[in-house]
Amino acid sequence: MADFDRDAMLEMFTFEMTLLLEQLEQNIIQGETGYTMSEINEIFRIMHTIKGSASMMLFDSISTCSHAIEDLFFYLREHNPENVDYSTLTDIVLAGMDFVRNEIAKISHGEKPDGDGSDIIATIKEFLNHLKGGSSSDTDSSSATVSDAVPVKKSSSESRVMNKFNALIRFQDGCEMENVRAYTLVHNLGDDITQVTHSPMDLVSEEAIEPIRANGFELSFSSVLTYDEIKEMLERTIYLDSLALTMASPDASAVAEQEAAEVPQDAAIAAADASSAVSSDNDPKSIDTAKMVAANPSMEDANKKSSAQKVISVNVSKLDQLLNLMGELVISEAMVTQNPELESLELESFHKEARQLRKIINEIQDNVMSMRMIPLSTTFFKMHRIVRDMCKQLSKDIKLDVIGEETEVDKNITEHIADPIMHIIRNSIDHGIEMPQDRVAKGKPEKGTVLLEAKNAGGDVLIIIKDDGKGLDRDKIMTKAKNAGLLRKPESEYTDKEINSFIFLPGFSTNAQVTSYSGRGVGMDVVNNNLEVIGGSVIVDSVPGEGTTFTLKIPLTLAIIEGMTILMGGAKYTIPIVSIKQSFKAKNEDIFTDPDGNEMIKVRGEVYNVVRLCDVFGIDNAIRDLEEGIMIMLENGDQTVCLFADELVGEQQVVVKTLSKYIGKVRGISGCTLLGNGDISLIIDVGGFFDK
Amino acid sequence: MVTDDQEYGMYNSHSEFDTPEDTTKGQFLTFAVEDEVYGVEISSIKEIISICEITKVPLTEAHIKGIINLRGEIIPVIDIRARFLKPDVEYDDLTCIVVVEYARYSLGLIVDRVNEVMHIDDENILMPPNAKLSHHNQYIRNIGKSGDNVILLLDLDKLLETEH
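What counts and what doesn't
Residues numbered from 1 in each chain as written. Chains lettered and ligands numbered in written order. Predicted model: local features only at pLDDT ≥ 70, side-chain atom pairs only at ≥ 80, totals over all residues. Heavy atoms only, no water. Helix = DSSP H or I, 4+ residues; strand = E, 2+ residues; numbered from the N terminus. Buried < 20%, exposed > 50% of the residue type's maximum accessible area, 1.4 Å probe, protein only. Contact = heavy atoms within 4.5 Å. Areas by Shrake-Rupley, 256 points an atom, 1.4 Å probe, with all protein chains shown as cover. Buried area = accessible area lost by both parts, 1.4 Å probe. Salt bridge = Lys/Arg side-chain N within 4 Å of Asp/Glu carboxyl O. Phe/Tyr/Trp six-rings, centres within 6.5 Å; stacked < 30°, edge-to-face > 60°. pLDDT = per-residue confidence, 0-100. Pairing = 2+ DSSP bridges. Polar contact = N/O pair within 3.5 Å; in protein donor to acceptor, adjacent residues only side chain to side chain. Axes fitted to C-alpha atoms, helices over the stretch in contact; angles between N-to-C directions.

1. Some points on the overall build of chain B
- When helices and strands are tallied, chain B shows three helices and 11 strands.
- For chain B, with 164 residues in total, the buried portion stands at 48%.
- Across chain B, the fraction of contacts at a sequence separation of at least 24, relative to all contacts at a separation of at least 6, is 55%.
- Entry remark: accessible area of chain B is about 8,800 Å², with carbon and sulfur atoms responsible for 50%.

Put into structure tokens, the structure is as follows:
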């Protein structure tokens, strides 16, 4: 393999592997209670891809291990055995996956993947043999254990319908070493594909490069797989530029020798004219494909590429840069179209075009903003594995419910919250949820539940982790805090919330024993530290005997919110729409003042406090007359106030930016945003009006 | 040279990367606030922009005038007049915002007018008078001489210190 593109390929390889492993983990954990056929297929496919890519990159340790797992799932897929011990199976596969992951971590750190997977492979083989021994009907299980390099392979499942395929593969220009790519392709075809012939025949010598570059790589083979499966498999080829795949007539009872005799013929036809397809063809798909190739090869290429790769990875700093440039674009647009020199001119078409320009710029802006947002689902689904592993080890029975995983947060934020969530879940499982027998004794369901929920609330993202365990032990925490000399005031003056927050101090653990999961007092400390970095906070609520709820409040930083822009003394402010219940004009007869001077307003029989924003912020040129301005009813949790402002301007999506660190935290303001015309609008922190 | 660096280069966040031959060494941007001329080493300066619309941030210290949008970046601006407890004046065409890089973030300083970039030799840089008659020179690190003129070289660390 040449060195020139090795680094880029390695990067791509590790990125793909990580994605695949994540997907695989999800599939496996979902399937622990019994796999459906589609899940088995999916896992098989993923393992197959991992194996293929790894052997292409010459990482033997990975490819052999994934090959063993692939064999296992091949057996499951082909024979669908009953009475499979899925729990053990999951353990084995997860162990194998961890091995692969470890190797990939080594690769990405620039080390050699030198791990020894023979133990794991032996376990997998043993399990497979056990399975085979269990189902007596198994006779032709010699299948799929060795991936031999001989181009013509022995058929493994002759009973299924054999189809013949012809494929013309072109590699991208400049991908180099086409013969090696072709060889890898043939080598990785897998065990379902038999009677492979290809032109040119000799792929080892470099003389094969030129013909492949000029005419493409012609491949014909037989397989039990469907057209779509084959197509999908071939499309995974690295550096694939175009693929023309045709299926010859199905041949159910064909004997291997006969087929072998026919193959060269087909190959010859394909070689003679690939675009006109095989004459005996009766599959409409292949005709379509052939026509398309003949009519418009470039369009075909484009289609193939878009279906092969829908997602690309981009460096976050590039996105940051794009966002900043976007801001500049918006401002210069405003400077051009609102240029004072244009004012005296009659410019009908100019304004029309300018409106169009603004429309397009707005759309780009929306897109740029949404690019940075990713759903929490990846972070959340990783937790399934943690819950599962811990349950096994601690012999507890716990299910993890996930709600609101589609909630989107900025990329930077997801990186910082994965660890806190993991530590809290570990804590809940280890300390919170009791052993099954204890739960039954307390009249709780035997199976414990951990709820992981995300939602947008009041402009913040809330992540709630709730367990139905025994709750925090107030006395124990108090004693521990006292012993550690942490108390700063008389014991009786501490509120439950203050006591609960002791658990976030470093080195604070009420567990006498250090387990493999907790007890060292490190985890909860991490929660606080990580949240501080992104300016978030955590609140613990606990009901003894009923469970503990951790609420992580993640600030708006960099998130995109729907905001209502309001005007106050000439300045614009933005209120998160989620906090707004309604807005209305006040009438003097509904307003009254208590002896302390607090103004209140009656709305549909309910009475609310009136907060004059101009007084809170010390703005002196705002409207004072309550009938003249506008009342905005704001909600935060179960509290409601009416905010008085000058007027509403309108609703728009905004990117939240922090006020500079130099200014620090300002009460009642959570950040600022740039409006379309480049003006700055401060974002009101609705929560700030409530906790006084 | 090295000792000089330690002497007055402390407020220069880039000083550790500067080579002794650095062209920015000894170069100062001078600007006027009321009747005095002040100087800041140019390596801390990002750019100079003319005064633009400033968004007030309520409930902040008096010298923080607010924030501005500099091509998408939110930058707090400080009025040097307010910091030096001098009376406010109307901003005019000469009023400028000097954007400095301080402790890895950008800050704007509002000054009455920007004069020039000048070179001041090391021997023309003096310590401020050490008699502690008043604490009004608390923001001044050194005094530079250029011909008959005196330039007060600012200590950005102290100037930008906040109470929180």
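Now, onward.
2. Quick look at the overall build of chain A
- In terms of helices and strands, chain A carries 20 helices and 22 strands.
- In chain A, buried positions account for 49% of the 692 residues.
- Restricting the contact set of chain A to residue pairs at least 6 apart, pairs at least 24 apart contribute 69%.
- Total accessible area computed for chain A in this model is approximately 34,200 Å², and 51% of it derives from carbon and sulfur atoms.

3. A few points about the interface of chain A and chain B
- At the junction of the two partners, chain A supplies 22 residues and chain B supplies 24 residues.
- Both sides together, the interface formed by chain A and chain B hides about 1,900 Å², and carbon and sulfur atoms give 70% of it.
- Area buried by chain A at its contact with chain B is led by Y662, I663 and I680 of chain A, which between them contribute 41% of it.
- Taken together, the links from chain A to chain B amount to zero salt bridges.

4. Here's the deal with the packing of aromatic side chains
All names here are of chain B.
- Evaluated as defined, the whole model comprises eight aromatic pairs over all chains.
- Their ring planes at 90° and their centres at 6.3 Å tell us that Y102 and Y105 sit as a pair that is edge-to-face.
- The class of Y102 is buried, set by a relative accessible area of 14%.
- Among the residues examined, Y105 registers a relative accessible area of 21% and is labelled partly exposed.
- Every member of this aromatic cluster is reached through a ring pair, and the members are F31, Y38, F84 and Y139.

5. Regarding the confidence of the model for chain A
Residues and elements named next belong to chain A.
- Across chain A, the average pLDDT comes to 75, with 80% of residues at 70 or higher.
- Within chain A, strand β16 (residues 599–603) carries the highest mean pLDDT (92), whereas helix α10 (residues 284–295) carries the lowest (42).
- Under a pLDDT of 50 for its full length, residues 251–307 has, in the predicted model, 58 contacts with residues more than four places off or in other chains.

6. Here's the deal with unusual backbone geometry
- Residues other than glycine seldom take positive phi values, yet S395 of chain A does so here, at roughly 45°.
- Structurally, S395 of chain A is set in the loop between α14 (377–394) and β6 (398–403).
- Under the relative-accessibility criterion, S395 of chain A is labelled partly exposed at 48%.
- One non-glycine residue, E34 of chain B, lies in positive phi territory at about 55°.
- Residue position: E34 of chain B is located in the loop between β1 (27–33) and β2 (36–41).
- What makes E34 of chain B partly exposed here is its relative accessible area of 31%.

7. Let's talk about the pattern of salt bridges
All names here are of chain A.
- The final tally for this structure, using the stated rule, is 28 salt bridges over all chains.
- In this structure, the salt-bridge partner of E70 is K51, at a minimum N-O distance of 3.3 Å. Pair noted here: E70 is in helix α3 (residues 60–79) and K51 is in helix α2 (residues 37–56), with a separation of 19 residues, a long-range link. Take E70 and K51: they sit in the same class, and that class is buried.
- The residue R388 makes a salt bridge to D91 at a minimum N-O spacing of 2.5 Å. Note that R388 is positioned in helix α14 and D91 in helix α4 (residues 86–108), a separation of 297 residues in sequence.
- For R388, a relative accessible area of 7% puts it in the buried group.
- The class for D91 is partly exposed, based on a relative accessible area of 32%.

8. A look at the pairing of strand β7 (residues 105–111) of chain B
All names here are of chain B.
- For β7, the buried fraction is high: six of the seven residues fall into the buried class.
- Summarising the sheet, strand β6 (residues 96–102) and β7 pair through seven bridges and their orientation is antiparallel. Bridged to V100 within β7 is L107.
- Between the end of β6 and the start of β7, which pair antiparallel, lie two residues, with A103 showing a positive phi angle near 50°.

9. What about the side chain of S53 of chain A?
- Position of S53 of chain A among the secondary structure elements: in helix α2.
- Not counting residues up to four positions away in its chain, the partners in contact with S53 of chain A are F13, E16 and M17 of chain A.

10. What to know about the side chain of S66 of chain A
All names here are of chain A.
- Note on placement: S66 falls in helix α3.
- For S66, the side chain forms a polar contact with the main-chain oxygen of S63, separated by 3.2 Å.
- Filtering out sequence-adjacent residues up to four positions away, S66 remains in contact with M47, I50 and K51.

11. Comments concerning the sheet that holds strand β4 (residues 64–70) of chain B
Residue and element names in this part refer to chain B.
- If you walk across this open sheet you meet the five strands as β3-β6-β7-β5-β4, and the pairing is mixed. Bordering the open sheet on either side are β3 (45–50) and β4, each of which pairs with just one other strand. Here the strands of the sheet are splayed against their neighbours by 30° on average, with no regard to which way each runs.

12. Some points on the pairing of strand β9 (residues 460–467) of chain A
Residue and element names in this part refer to chain A.
- With seven of eight residues buried, β9 is to be regarded as a mostly interior element.
- Here strand β8 (residues 448–457) pairs with β9 via eight bridges, running antiparallel. Its bridge partner being in β9, K455 is matched across the sheet by L462.
- Bridge count between β9 and strand β11 (residues 547–554): seven bridges; the pairing is antiparallel. Across the sheet, residue I465 finds its bridge partner in β11, namely F550.

13. What about helix α6 (residues 178–187) of chain A?
- Within α6 of chain A, seven of the 10 residues are buried, which leaves it mostly tucked inside the rest of the structure.
- Every buried residue belonging to α6 of chain A is among E178, N179, R181, A182, T184, L185 and V186 of chain A, and all of these are buried.

14. A look at the sheet that holds strand β10 (residues 140–146) of chain B
All names here are of chain B.
- Here six strands make up an open sheet; going across it, the order is β8-β1-β2-β11-β10-β9 and the pairing mixed. Two strands close off the open sheet at either side, each with one partner strand: β8 (113–119) and β9 (125–126).
- Here β1 pairs with β2 via six bridges, running antiparallel. Opposite A32, over in β2, you have V37 as the bridge partner.

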